[in-house]
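Structural overview for review
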Amino acid sequence: MLSHLSAAIPPLYILWIAMAQVGGQEDREKTTALKDLLSRIDLDELMKKDEPPFTFPKTLEEFEYAFNEYGQLRHIKTGKPFVFNAREDLHRWNQKRYEALGEIITQYVYELLEKKCNMTKAILPVDAAEDEPTSFIYLSPDALSNPSKLLVLIQGSGVVRAGQWARRLIINQDLDSGTQIPFINRAMEEGYGVMVLNPNENYLEVEKPAKFSPLPSPTEPSDEPAEKRERKDDKEGKKKREFYEKYRNPQKETETERIPIRENASSEEHVQYVWDHFVSKAAAKNVFIVAHSYGGLSLVELMNQREMQVKNRVCAVALTDSAHNIWLQETSKSTQDWMQQHCCNWVSSPEPLDTPLDPMLPDCPRVSAGTERHELTSWMSFTSIFRFFGEVLEAKEDEEAEETSNTVTTRSSSLKNKHQDL
């Protein structure tokens, strides 16, 4: 019996090895198939699965938010600040919701400029045709007629529009820190005309026309019966639909194209256009400019293009964390010297407000804005900026008065000498 058992063992052993090999081969095939499947799945698209629709409220009231007496955005029912993560693990949806709220905030600030600050829109280009894209700036009632002082406000780049320094501050902090309204009100109280630029309104965004897919080319006739072929096609089509419905993005975002606004297609173009058509034609003897971040770069580019005009009209410039670079922008030595005398840059820094800092480039003095947050530099240096403007204007008026006095004295002496000669 042992001989029979020993004779049976080798075949059983061989069969077991063969089955193990088959099992291992099947596992490898399954692993390979799984890897292939995973390689075909876009993880970003997978994360968008079951995403809610991108339909959001159109007003602050529908969002159930409002600004309180302190200019802070608060939920109408709970009184709490805005919550970005309204839905966990849906970052894209939360971002779209935030952007929708941002568009409402933009319109809200426009209303404040018009109703609270009594400003009006001026359409750009000034000779725009009815069917071409346009932008606009805001003007105080005396922006062009004020004979003494004009304040020009230029924000940085990004989503911010006329009247805003930083959307994030408006939503998460308050209107005073995030908008230009405190600057506008203070300027009007001190007798300035005001121009509010809009350097990021550069194009009209329109929906792309739908693309029509070409008709499928006719296939070769098949020997299969028509009914069987249709059932087979339906089955395969259903499988494909189920697969793609499971892993594709259920919301395809609208494709758009941008139509540039003539002579205002960039921040630099916009600043130069407003200078040529508005600032240079204003009656004000003294022009003052506040430029934040990329607005500073656009202003330096204006100096490069209109050097003598700027020097003759601008009394002082306050920059806040300016993004300009006199070397990369190839700014002339004469402009750099002028900036040394007429500009001051309040930059993000841990040092106390107005603390002098080492100059990084030989252009203009740098002082601390009293904050390390870039977007807060304009608001934190608000009081210092108007004090700077006042000191510069006072020094200029004293100098002009002294020159006038010297001229009168000289003329008087000349007349006296002539009288004595006679």
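Residues numbered from 1 in each chain as written. Predicted model: local features only at pLDDT ≥ 70, side-chain atom pairs only at ≥ 80, totals over all residues. Heavy atoms only, no water.

Going by an unreviewed UniProt entry, the protein chain carries the name ARB2 cotranscriptional regulator A and comes from Acanthochromis polyacanthus.

Thoughts on the overall build of the protein chain
Across its full length, the protein chain carries 14 helices and 13 strands. Out of the 422 residues belonging to the protein chain, those deemed buried represent 38%. Surface summary for the protein chain: the accessible area is close to 25700 Å², and the carbon and sulfur share equals 53%. (Helix = DSSP H or I, 4+ residues; strand = E, 2+ residues; numbered from the N terminus. Buried < 20%, exposed > 50% of the residue type's maximum accessible area, 1.4 Å probe, protein only. Areas by Shrake-Rupley, 256 points an atom, 1.4 Å probe, with all protein chains shown as cover.)

Some thoughts on the pattern of salt bridges
Any two side chains of opposite charge can pair, given that their charged atoms come close. Counting across every chain of the model gives 14 salt bridges. Residue E375 is joined to R168 by a salt bridge in which the shortest nitrogen-to-oxygen separation is 3.4 Å. Of this pair, E375 sits in the loop between β13 (366–368) and α13 (377–380) while R168 sits in helix α5 (residues 167–172), and the two are 207 residues apart along the sequence. What makes E375 buried here is its relative accessible area of 13%. K311 is the salt-bridge partner of E307, the closest N and O atoms lying 2.6 Å from each other. Within this pair, E307 and its partner K311 are both found in helix α11 (residues 307–313), separated by 4 residues, close to a single helical turn. (Salt bridge = Lys/Arg side-chain N within 4 Å of Asp/Glu carboxyl O.)

Topic: the sheet that holds strand β9 (residues 286–292)
The sheet built from 9 strands is open, its strands ordered β3-β4-β6-β5-β9-β10-β11-β13-β12 with mixed pairing. Every interior strand has two partners, whereas the edge strands, β3 (120–124) and β12 (356–357), have only one. Summarising the sheet, strand β11 (residues 343–347) and β13 pair through 3 bridges and their orientation is parallel. Note on β13: the bridge partner recorded for W346 is V367. Docked against the sheet, helix α7 (residues 181–189) engages β5 (149–154), β6 (192–196) and β9, running at close to 155° with respect to β6. Contacts from helix α12 (residues 333–342) reach β10 (314–320) and β11, with the element oriented near 70° to β11. (Pairing = 2+ DSSP bridges. Contact = heavy atoms within 4.5 Å. Axes fitted to C-alpha atoms, helices over the stretch in contact; angles between N-to-C directions.)

Notes on the confidence of the model for the protein chain
The share of residues in the protein chain with pLDDT of 70 or more is 73%, and the mean pLDDT across the chain is 84. A low-confidence stretch, residues 1–9 stays under pLDDT 50, and its non-local contacts, those more than four residues away or across chains, total 0 contacts. With pLDDT under 50 throughout, residues 243–250 is counted as low confidence; its partners more than four residues away or in other chains account for 13 contacts. (pLDDT = per-residue confidence, 0-100.)

A word on the layout of surface pockets
Approximately 660 Å³ is the volume found for the largest pocket. Forming the walls of the largest pocket are 22 residues, and the residues nearest its centre are E103, R161, Y203, E205 and R258. Of all the elements in the fold, those that place two or more residues in the lining of the largest pocket are α4 (91–115), β7 (203–207) and β8 (256–260). Here the element with the most residues in the lining of the largest pocket is α4; it accounts for 8 residues. The residue inventory of the lining of the largest pocket, partitioned by class, reads 5 nonpolar, 8 polar and 9 charged. Per-domain counts for the lining of the largest pocket show at least three residues from each of domain 1 (48–117) and domain 2 (118–205 + 259–405). (1 Å grid on protein atoms, 1.4 Å probe; cavity = no way out; pocket = protein on both sides within 12 Å on 5 of 7 lines; lining within 4 Å. Points joined across faces, edges and corners; volume = space filled by probe spheres on them. Nonpolar A, V, L, I, M, F, W, Y, C, P; charged D, E, K, R; others polar. Domains from an automatic or database assignment.)

A closer look at the environment of N68
For N68, the location among the structural elements is in the loop between β1 (65–67) and β2 (73–75). Measuring from C-alpha to C-alpha, the distance between N68 and D174 comes to 9.4 Å, with 106 residues separating the pair along the chain.

Some points on the side chain of Q155
The residue Q155 is located in the loop between β5 and α5 in this model. Classification of Q155 by relative accessible area gives buried; the value is 1%. A distance of 2.6 Å separates a polar side-chain atom of Q155 from the backbone oxygen of R161. (Polar contact = N/O pair within 3.5 Å; in protein donor to acceptor, adjacent residues only side chain to side chain.)

Observations regarding the environment of G178
Tracing the backbone through its elements, the reader meets G178 in helix α6 (residues 175–178). A relative accessible area of 0% places G178 in the buried class. Spatially, the C-alpha atom of G178 lies 6.3 Å from that of R167, the residues being 11 residues apart in sequence. Sequence-distant contacts of G178, that is, excluding residues within four places in its chain, are made with Q164, W165, A166, L169 and I170.

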